[in-house]
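Listed here are the chains, written in short residue letters.
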Number of protein chains: 2
Amino acid sequence: MFTCCLLINFLSVPAQNADSLLIRAMADDILLHGKAYANLKTLTKQIGNRLTGSPQTYMAEAWAQKALREAGAGQVRLQACLVPHWVRGGKDEAWVLQGGKKSQPLEILALGNTVGTGPKGIQAPVLLINSFEELELRKNEIKGKIVFYNYRFNDRFIKTFEAYRDAVPYRSEGPTRAAKYGAVAVLVRSMSHAADNHPHTGGTRYVDSVPKIPAAALGLQDADRLAALAANEKLTLYMRTNGRMLRDTVAHNVIGELTGNEFPEQIITVGGHLDSWDVGEGAHDDGSGCVQAIEVLRVFKAIGYTPRRTIRVVLFANEENGLRGGLKYAEEARAKKEQHIFALESDAGGFTPRGFGFTVSAEQMNTVRSWLPLLMPFGICEMNVGGGGADIGPLNRELGTALAGLQPDSQRYFDIHHARSDVFEAVNKRELELGAVAMAALIYLVDKYGL
Amino acid sequence: MFTCCLLINFLSVPAQNADSLLIRAMADDILLHGKAYANLKTLTKQIGNRLTGSPQTYMAEAWAQKALREAGAGQVRLQACLVPHWVRGGKDEAWVLQGGKKSQPLEILALGNTVGTGPKGIQAPVLLINSFEELELRKNEIKGKIVFYNYRFNDRFIKTFEAYRDAVPYRSEGPTRAAKYGAVAVLVRSMSHAADNHPHTGGTRYVDSVPKIPAAALGLQDADRLAALAANEKLTLYMRTNGRMLRDTVAHNVIGELTGNEFPEQIITVGGHLDSWDVGEGAHDDGSGCVQAIEVLRVFKAIGYTPRRTIRVVLFANEENGLRGGLKYAEEARAKKEQHIFALESDAGGFTPRGFGFTVSAEQMNTVRSWLPLLMPFGICEMNVGGGGADIGPLNRELGTALAGLQPDSQRYFDIHHARSDVFEAVNKRELELGAVAMAALIYLVDKYGL
């Protein structure tokens, strides 16, 4: 709560003035001549969504190499990794049945990595379950049922990622917990507070000891409707999903570098993930993070700033349903005994930045907070403890690398997250660019002063 | 720049705890059971835009009285004032002429309060002018021309209201300055950085000593197109606008009150303006401010908070093209010798709040900054010097009332400001509600502790 007020000035006033001017120059270049928005348009409109293993994955990899070269990366390379290859396999559907006949359609979207129902679908009574506590109390009623988790996204959280963390176990663990008691399928209320009815997908986790059952997310309006029906009468549902896990395939992290001119062995990573779910265009999640990371490199070159340390832009593969890109990157870093001093990820949407969250030592936290006055003119007012990103997490766990995550305003993120509404038009040019400004400023400061 | 870091704690810890709990209770009620979003939907979708003097003005006044009563206002009344009555009078049009014939249409929208061209329109050579400096240098070329001001909205400003203040003289003074040198009409580049081509209207000011000439705003894409054409060749334009100023009519401030139970004579005003331009739905400008002000009153009643001072919600008439509502309110306050201790306006859009701007004494500034820790959990991180609102400005000038304005994130405001894209769908429910939370918290603190 008081994070934004702890200002410990380590830097001398002349140093701050020079930094302030350099950051202002980067901001001007990004706001007046930036490529982030145009890059995002190409990625989302010419390529589209980018589920791991889909043809678009490889189009996006090719585009990313080109975009990094155009931004001025000295070296651009691909880092191969084995990735899971899940396919949706067709349109998901569900119906409320009356007298054995389809009466009301429900808007559903199978969860990522799930098995399908088979071509005939599943027909079964539905059991409304509001919480895992209720699941345990009613475990004897579950056998043969379609369990419908109607756990609500809690609007009381001011930062919506807290509501997501609160609700997401119903998506990730819910199917397995219901299957353990004999459920035949699961529907999950979408993790969102949108006003529309678009279902929001996302990964689920099976465990080998429990049967794998089909599972899908339900749009919010339909979830309310189904909950009202299920509270009043015995309901039977029909659902059909078609998901299949194919054999692992190969995808690539796309890496572009500016080599440091004083400490080239010290690596600073900045990135986002190139993959997305297979609905919408993966614009906020995480096209935005990718184009912002590229923009950091571009603006360094554009204003003629030569980094002291090596700046490495990494567009990670397979964040959404496997994290294999992030794991591979850390694995190779360890194998090569690379020195990774800092990694920054943008994977919380291309909205107006409010601050950063850090996974660093207390001493490092003091250092980054001392930089806050340099960032405040650009709308940054929070330097929070805790944060990073899914793709850079392994770097911290494997090598102890200091991490940060960009924290944009979170109010609109879960309106569009993993849904067909995550499209280019939902991204505001200036908001996207201000995120890139904040990232460039932080990377510049870490490069200049170390951490 | 350092405003968010000056924390002077006047309040004891137990007092802060009680305040913190009460503000949390208000936030919960607004986020879970609020009426702001539903009220905005009614105002924008059932009534629509509300240009002063239009039939919708009076529908909105009737709606506002009802909404205030439903929110729990003890007294609801109308305060009449004479208002200007400008009408657009028809569809505005402009064309690039080639060989005397209409060749390319331009998207224009007459500025508020302007005279029309007459039914035959105006046909004249166009003179591209990039700044007032250029206007002065080329004053001998202006006679008989349509002056096209192509002054650009400056993307370098981080807070977009600064770009607006920088550019808006071209709209408000530009027509008169060009008319002084014999221009027959004016086109103004829209004050916006939107990616679309919607023109953005807004008021202009004529002076009696200079001929009143027609003036219209031009969409950004068309402004770029016209500037490119006008730089390369001599161009003739045709434009027709139909604006007329009718006789003054009567409109009303709508006022709802909760009477204070200790110092009823001390009045705290919270408001927005009910009128809007005649395009779009006046959703952000300023339907949002209206429903947020009503929400402050509603939540006080809903959680059972009885104010010590009198809380007065005022939905002002005629902010956009006359300010007569705000002037009337201050005039009556002075005539009745009312004691107005504080006024808060929300008129910068229904976006995520970042803070408040204050027009107060240095001592009062210290007091409001001491409240920042109570507001930070709700995303407020700035308590800035300078701010208020157009409608409450006269209260400060006439009675010395302390003022504040809600300062939401400003990145998207000028995408939609005074354009047909300012519609309900452009407002996010949670962003709107968080603005109401911040306003309710500030009004509560002023009510409890005085200022």
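Residues numbered from 1 in each chain as written. Chains lettered and ligands numbered in written order. Predicted model: local features only at pLDDT ≥ 70, side-chain atom pairs only at ≥ 80, totals over all residues.

Moving on to the overall build of chain A. A tally of helices and strands in chain A yields 15 helices and 16 strands. For 451 residues, the compact-globule estimate of 2.2 N^0.38 gives 22 Å, and the C-alpha radius of gyration of chain A, at 23 Å, lies within 12% of that figure. Considering only C-alpha atoms, chain A reaches an extent of 80 × 45 × 40 Å along its principal axes. Across the 451 residues that make up chain A, the buried fraction comes to 58%. Intrachain contacts of chain A at a sequence separation of at least 6 include 83% that bridge at least 24 residues. (Helix = DSSP H or I, 4+ residues; strand = E, 2+ residues; numbered from the N terminus. Rg over C-alpha atoms; globule rule 2.2 N^0.38 Å. Buried ≥ 20, exposed ≤ 12 C-beta atoms within 10 Å, placed from the backbone. Contact = placed C-beta atoms within 7 Å.)

Residue and element names in this part refer to chain A. Its 13 residues place the ends of helix H8 (residues 220–232) 19 Å apart at the C-alpha level, agreeing with the 18 Å of an ideal helix rising 1.5 Å per residue. Every buried residue of H8 is accounted for by Leu220, Asp222, Ala223 and Leu226. On an axial view of H8, the arc spanned by its buried residues comes to 150 degrees, and they lie on one face. For H8, exposure combined with an orientation more than 90 degrees from the buried face picks out Ala228, Ala231 and Asn232. Against strand S3 (101–106), strand S6 (146–149), strand S7 (185–189) and strand S8 (215–218) lie the buried residues of H8. (Expected span 1.5 Å × (residues − 1). Arc of directions from axis to C-beta.)

Time to look at helix H3 (residues 55–71) of chain A. Residue and element names in this part refer to chain A. The end-to-end C-alpha distance of H3, which contains 17 residues, comes to 25 Å, matching closely the 24 Å that a straight helix rising 1.5 Å per residue would cover. Buried residues in H3 make contact with helix H2 (36–47), strand S1 (75–87), strand S10 (244–258), helix H9 (283–302) and strand S12 (309–316). One or two residues past the end of H3 sits Gly72, with phi positive at roughly 110 degrees.

Below, the discussion takes up the interface of chain A and chain B. Taken residue by residue, the interface counts 29 residues in chain A and 29 residues in chain B. Among the secondary structure elements, those contributing two or more residues to the side of chain A that touches chain B are helix H1 (13–33) and helix H15 (429–449) of chain A. Ranked by residues supplied to the side of chain A that touches chain B, first place goes to H15(A) with 4 residues. Per-class residue counts for the side of chain A that touches chain B are 15 nonpolar, 5 polar and 9 charged. (Nonpolar A, V, L, I, M, F, W, Y, C, P; charged D, E, K, R; others polar.)

Turning one copy of the chain about an axis and sliding it along that axis gives the other copy, so a rotation and a shift relate them. Under the fitted operation, chain A is carried onto chain B by 0.0 Å of movement along the axis and a turn of 180 degrees, and the coordinates agree to an RMSD of 0.0 Å. Classification of the inter-copy transformation places it as that of a two-fold axis. When the interface residues of chain A are mapped onto chain B, 100% of them again lie at the interface, so the same face is used by both copies. (Least-squares fit on C-alpha atoms with pLDDT ≥ 70 in both.)

All names here are of chain A. Neither face of S8 is exposed, since Ala215 and Ala217 on one face and Ala216 and Leu218 on the opposite face are all buried. Examined bridge by bridge, strand S4 (residues 108–110) and S8 share 3 bridges and lie antiparallel to one another. Counted as the bridge partner of Ile108 is Leu218 from S8. (Pairing = 2+ DSSP bridges.)

Now for the domain arrangement of chain A. Residue and element names in this part refer to chain A. As assigned here, chain A comprises domain 1 (3–86 + 247–449) and domain 2 (89–242). Here the C-alpha centre of domain 2 lies 34 Å away from the C-alpha centre of domain 1. Considering each element in turn, the side of domain 1 that touches domain 2 owes the most residues, 3 residues, to helix H14 (residues 413–416). Residues of the side of domain 1 that touches domain 2, tallied by class, amount to 6 nonpolar, 6 polar and 3 charged. (Domains from an automatic or database assignment.)

All names here are of chain A. Spatial strand order, S3-S2-S9-S5-S6-S7-S8-S4: 8 strands in an open sheet with mixed pairing. Taken across any chain shown, the strands that pair with only one partner, and hence form the sheet edges, are S3 and S4. Going from strand to strand, the sheet's axes swing by 35 degrees on average, the running direction of each strand aside. Sheet topology places strand S2 (residues 93–98) next to strand S9 (residues 236–240); 5 bridges connect them, and they run antiparallel. (Axes fitted to C-alpha atoms, helices over the stretch in contact; angles between N-to-C directions.)

Attention shifts here to the sheet that holds strand S3 (residues 101–106) of chain B. All names here are of chain B. Spatial ordering of the open sheet is given by S3-S2-S9-S5-S6-S7-S8-S4, a layout of 8 strands whose pairing is mixed. A single partner strand is all that each edge strand has here, and the edge strands are S3 and strand S4 (108–110). Ignoring which end each strand starts from, the neighbouring axes of this sheet average 35 degrees apart. Of the strand pairs in this sheet, strand S2 (residues 93–98) and S3 are connected by 5 bridges, and their pairing is antiparallel. Bridge pairing in S3 places Gln98 opposite Lys101. Of the strands in this sheet, S2, S3, strand S5 (122–129), strand S6 (146–149), strand S7 (185–189) and strand S8 (215–218) touch helix H8 (residues 220–232), which is tilted by about 85 degrees from S5.

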